[in-house]
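Each chain, letter by letter, is given below.
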Amino acid sequence: LVAEDQAIVTRAMNEQVLPALTRLKLIRPGLTFRFVAAENPERLWEMVTQVLPYKDVDSRWLEEKFGIPVTDKSLPEPEDDPKDPKASKNGKDLKAALQLLALLREDGGPGFFDDRRTE
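Residues numbered from 1 in each chain as written. Predicted model: local features only at pLDDT ≥ 70, side-chain atom pairs only at ≥ 80, totals over all residues. Heavy atoms only, no water.

1. Focus: the overall build of the protein chain
Each helix and strand in the protein chain was counted, giving 4 helices and 0 strands. Residue burial in the protein chain is summarised as follows: out of 119 residues, 7% are buried. Contacts in the protein chain between residues far apart in sequence, at least 24 positions, make up 14% of those at least 6 positions apart. Accessible surface, the protein chain as shown: approximately 11300 Å² in total, 56% of it carbon and sulfur. (Helix = DSSP H or I, 4+ residues; strand = E, 2+ residues; numbered from the N terminus. Buried < 20%, exposed > 50% of the residue type's maximum accessible area, 1.4 Å probe, protein only. Contact = heavy atoms within 4.5 Å. Areas by Shrake-Rupley, 256 points an atom, 1.4 Å probe, with all protein chains shown as cover.)

2. Here we look at the pattern of salt bridges
One pass over the full model with this rule turns up 2 salt bridges. Between Arg-43 and Glu-46 there is a salt bridge whose closest N-O contact spans 3.2 Å. In this pair, Arg-43 and Glu-46 are both assigned in helix α2 (residues 41–51), 3 residues apart and thus about one turn of the helix distant. Using a relative accessible area of 39% as the deciding quantity, one classes Arg-43 as partly exposed. Where Asp-58 meets Arg-60, a salt bridge forms, and the shortest distance between an N and an O atom there is 3.9 Å. (Salt bridge = Lys/Arg side-chain N within 4 Å of Asp/Glu carboxyl O.)

3. Details of helix α1 (residues 3–23)
Taking 1.5 Å of rise per residue, 21 residues should cover 30 Å, and α1 covers 29 Å from first to last C-alpha, within 8% of that figure. The largest bend along α1 measures about 40 degrees and falls at Met-13. Once α1 ends, the next one or two residues include Lys-25, with phi positive near 60 degrees. (Expected span 1.5 Å × (residues − 1). Bend = angle between axes of the 7 residues up to and from the residue.)

4. Description of the packing of aromatic side chains
One pass over the structure, following the stated rule, counts 3 aromatic pairs. Summarising the aromatic geometry, the rings of Trp-61 and Phe-66 are spaced 5.9 Å apart at their centres and angled 90 degrees between planes, so their arrangement reads as edge-to-face. Among the aromatic residues, those joined into a cluster by ring pairs are Trp-45, Trp-61 and Phe-66. (Phe/Tyr/Trp six-rings, centres within 6.5 Å; stacked < 30°, edge-to-face > 60°.)

5. Thoughts on unusual backbone geometry
For residues other than glycine, phi is negative in most cases, and the peptide bonds are mostly trans. Positive phi, normally seen in glycine, also occurs at Lys-25, with a value near 60 degrees. Looking at the element boundaries, Lys-25 is found in the loop between α1 and α2. Exposure remark for Lys-25: the relative accessible area of 74% places this residue in the exposed category.

6. Re the confidence of the model for the protein chain
Low-pLDDT portions of the prediction should not be read for the details of their coordinates. Put simply, the protein chain has an average pLDDT of 77, and 61% of its residues get 70 or more. Across the protein chain, α1 holds the top mean pLDDT of 93, while helix α4 (residues 91–107) sits lowest at 63. This stretch, residues 109–117, has a pLDDT under 50; its non-local contacts, to residues over four places away or in other chains, come to 8 contacts. (pLDDT = per-residue confidence, 0-100.)

7. A look at the packing of α2 against helix α3 (residues 59–66)
Angle between the axes and distance between the axes are the two parameters that describe a pair of packed helices. It is the contact of α2 with α3, at a shortest axis distance of 12 Å, that shows an interaxial angle of 160 degrees. By the angle between their directions, the pair α2 and α3 is classed as roughly antiparallel. Crossing geometry of α2 relative to α3 is assigned as left-handed. Contacts between α2 and α3 involve Pro-41, Leu-44, Trp-45 and Val-48 from the former and Trp-61, Leu-62, Lys-65 and Phe-66 from the latter. Considering only residue class, the contact of α2 with α3 consists of 7 nonpolar, no polar and 1 charged. (Axes fitted to C-alpha atoms, helices over the stretch in contact; angles between N-to-C directions. Parallel < 35°, antiparallel > 145°, perpendicular 65-115°, else oblique. Left-handed = near helix turned anticlockwise from the far one by under 90°. Nonpolar A, V, L, I, M, F, W, Y, C, P; charged D, E, K, R; others polar.)

Okay, structure coming up:
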């Protein structure tokens, strides 16, 4: 309804309908009628898009509210665990690198794992 129609309906409800229902003792005295403020769909969509990176939004609510059919994203494949070379797609390369680092450590050669201080 447009604002003028809402004003006409509100006046009729508060001046005629509600007083008549009160006299018939169908409702308690003192009630008033008012329209709920209309949502601003552009502002609501802006808020939804801002919260999406941080929170889950119910797919059914999105579809009901905006009429957009949505489905959940498929989960990404889990990344390789760098601590478990067997679970890695490149496990052989990682395993070889770890073995090389272990050899350098045992050999005492210079490198990131050299605990000795040079003067």
